[in-house]
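# Survey of secondary and tertiary structure
Residue strings, one per chain:
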Amino acid sequence: MKMFFNLIVLCTMFNLNVLFSQTFAGGSGTEGDPYLISSKANLDELADIVNNGEPYWSGQKYFRLINDITEPFQNIIGIVTYDTLVNGVISMKNTNTFCGSFDGGGYRIVLDINLPDESDVGLFGCIELVPTIIKNVILEGRVVGNSFVGGLIGSVGLLNDPSSMGPIIMCCYSHCDVTATEPPLGYTGYEYLTKCVGGLVGFGRPRLLNCYTTGNVSNLGTEGHIGGLVGHFFSYAYIINCYSTGNVISIDSNCCIGGLVGSAYAPNIFNSYFAGNITSDNGYAGGLIGCTPSAYTPYNCYYIDTWSSSGLPSNEFGTPLTANEMKSNGFVKILNQEHSIISDSIKQMLGIWKYDSNNVNNGFPVTTCGGGLNIADNYIQNIAIFPNPTNATSTLTLDLEKAGNLKITLEDLLGSELLELHNTFEDTGTFATTFSLETFPTGVYFLKINHNGNVKMEKVIRK
């Protein structure tokens, strides 16, 4: 009897440990009481449970971010494993993908994900096609992977019914540089996987609403699909009220490269634009889409007429405009046109386009969210660090579009404050401060720029 009682106690303690391991910063995981994420440790906890715990654990669970995560997150949430290539077909094991709903709350997450030999790399490595919603996420930093790489999501819906509708990705903004690498010499992993790299999503069928990217998207490997928003997407996916302003770059590759989408099957893109540059040695390129095997008519989509810095021909998708035309009030009115093909349920989730009166997007229109989420505080403009990398002294300069308290600190990769550079009220105008890394070891550091409680992170390298 005593042995039986002890067994009950041990089982009870085990169950309590499991419960305590999933407490996060609070909440029970329901829609009305989501699990709360307040720190990098909570994000790591989520990654550990999803990646190593019971498959589909996150299904029908809800998560909400309640703080900026400025300590760089280096993990991925949601993984999928691949069997060897058999008769030209990749066999994928259904393992531990993310299939819950995540609300970023408009807070920032700084990423430093550097997995050059891995596939399905992003804040979320792989998510499913169940009725998932990921919204209000703001990303900064960098993401490096090998295949299926995106700032927010590496791949969407690899393992489910191909006819399923994709998850809704709403009001998500990425300022990350995203890179797909060339495998190292002698690498014998998943080199048969096609390179798909996008500023927001690498591969799959997401439904993107009111999203944008500003970072550079690069492919360092041979061949692939590279896009400012999505590397490759296909049926049942769409992009509405989105834009990309970063550069899209492919080095020594024969690829499909596009300002918004690298390649797509039966794409649906509405009221969106691209205002960056595209660089590629060869392949298929376009201001909106690099290549698609299907007939495609864009709906009210545009690209800047200087998009091709290497003289690649346009593939005729979308309408070219000059920078001045795209920065006008008239262009904002054009983007706000409604289309009968968009369902009423989707229209209810859409925000509107606004004129960039505060120059937060270099004068190009900004997208807003139906739920009222504001874009990131961009009253800090034209941030520059020179020289960077540095072995001694550098100068930080920036323009303040609004007066307020400005605090600048130097932090290490773990988010520990090493040095306070500045902390006082500043009027509008150009601000500059000089700092030295001479006494610090070589490596990567971050300048944390806090303006009226809004935080931006800028990488600085001590060589």
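Residues numbered from 1 in each chain as written. Predicted model: local features only at pLDDT ≥ 70, side-chain atom pairs only at ≥ 80, totals over all residues. Heavy atoms only, no water.

The subject of this paragraph is the state of the cysteines. Scanning the entire structure with this criterion turns up one disulfide. Two residues, C256 and C291, share a disulfide whose sulfurs are 1.8 Å apart. Between C256 and C291 the sulfur-sulfur dihedral comes to about 100°; the bridge is accordingly right-handed. Highlighted residues: C256 in strand β26 (residues 248-258) and C291 in strand β31 (residues 289-291), separated in sequence by 35 residues. Judged on exposure class, the residue C256 and its partner C291 are both buried. (Disulfide = S-S within 2.5 Å. Helix = DSSP H or I, 4+ residues; strand = E, 2+ residues; numbered from the N terminus. Buried < 20%, exposed > 50% of the residue type's maximum accessible area, 1.4 Å probe, protein only.)

Turning next to the confidence of the model for the protein. In this model, the protein carries a mean pLDDT of 81, and residues with pLDDT of at least 70 account for 80%. Of the regions scoring below 50 in pLDDT, residues 184-192 engages in 10 contacts with residues more than four places distant in sequence or in other chains. (pLDDT = per-residue confidence, 0-100. Contact = heavy atoms within 4.5 Å.)

Okay, the pattern of salt bridges next. Counted by the stated rule, this structure contains six salt bridges. A salt bridge links D103 to R64; the shortest N-O distance between them is 2.5 Å. With D103 in strand β6 (residues 101-103) and R64 in strand β2 (residues 62-65), this pair connects stretches of sequence that are 39 residues apart. In this structure D103 comes out as buried when scored by relative accessible area, which is 12%. For R64, a relative accessible area of 31% puts it in the partly exposed group. Salt-bridge contacts for R142 lead to D112; the nearest nitrogen and oxygen are separated by 2.4 Å. With R142 in strand β11 (residues 138-145) and D112 in strand β7 (residues 108-114), this pair connects stretches of sequence that are 30 residues apart. Members of the salt-bridge network, linked through shared partners, are D68, R108 and E140. (Salt bridge = Lys/Arg side-chain N within 4 Å of Asp/Glu carboxyl O.)

With that out of the way, let us pick up the sheet that holds strand β18 (residues 201-204). The six strands lie next to each other as β9-β13-β18-β23-β27-β31, forming an open sheet whose pairing is parallel. For this open sheet the edge positions go to β9 (124-127) and β31, each flanked by a neighbour on one side alone. For this sheet, the mean angle separating the axes of adjacent strands, direction not counted, is 15°. (Pairing = 2+ DSSP bridges. Axes fitted to C-alpha atoms, helices over the stretch in contact; angles between N-to-C directions.)

Right, let's get into the packing of aromatic side chains. Under the counting rule described, the total for this entry stands at 20 aromatic pairs. Ring centres of Y302 and F331 lie 5.3 Å apart, and the angle between their planes is 85°; this geometry places the pair in the edge-to-face category. In this pair, Y302 is assigned in strand β32 (residues 302-304) and F331 in helix α4 (residues 329-335), connecting sequence segments 29 residues apart. On the basis of relative accessible area, Y302 is assigned to the buried category, the value being 12%. An aromatic cluster is present here, built from Y173, Y212, Y243, Y273, Y302, F331, W353 and F364 joined pairwise through their rings. Lying across the ring of W57, K61 places its NZ or CZ 4.9 Å from the centre. The ring of F364 carries K327 above its face, with NZ or CZ at 5.0 Å from the centroid. (Phe/Tyr/Trp six-rings, centres within 6.5 Å; stacked < 30°, edge-to-face > 60°. Lys NZ or Arg CZ within 6 Å of the ring centre and 35° of its normal.)

Before going further, it helps to examine the nonpolar core. Counting residues in hydrophobic clusters, the biggest one holds 95 residues, and the most contacted among them are F102 and L152. Per element, the largest residue contribution to this core is five residues, and it comes from helix α2 (residues 40-52). Among all residues touching F102, those that are not within four sequence positions of it are I37, L43, L46, F63, L65, F124, I133, I134, K135 and V137. Formed by 17 residues, the second largest nonpolar core is a distinct cluster that contains I385, L406, L421 and L447. (Core = buried A, V, L, I, M, F, W, Y, C linked by side-chain atoms within 4.5 Å.)

It is worth spelling out the pairing of strand β12 (residues 147-150) at this point. Pairing between strand β8 (residues 119-121) and β12: two bridges, direction parallel. Across the sheet, S119 pairs through a bridge with S147, a residue of β12. Note that β12 and strand β17 (residues 196-198) share two bridges and pair parallel. Residue pairing in the sheet places G150 in a bridge with G198 of β17.

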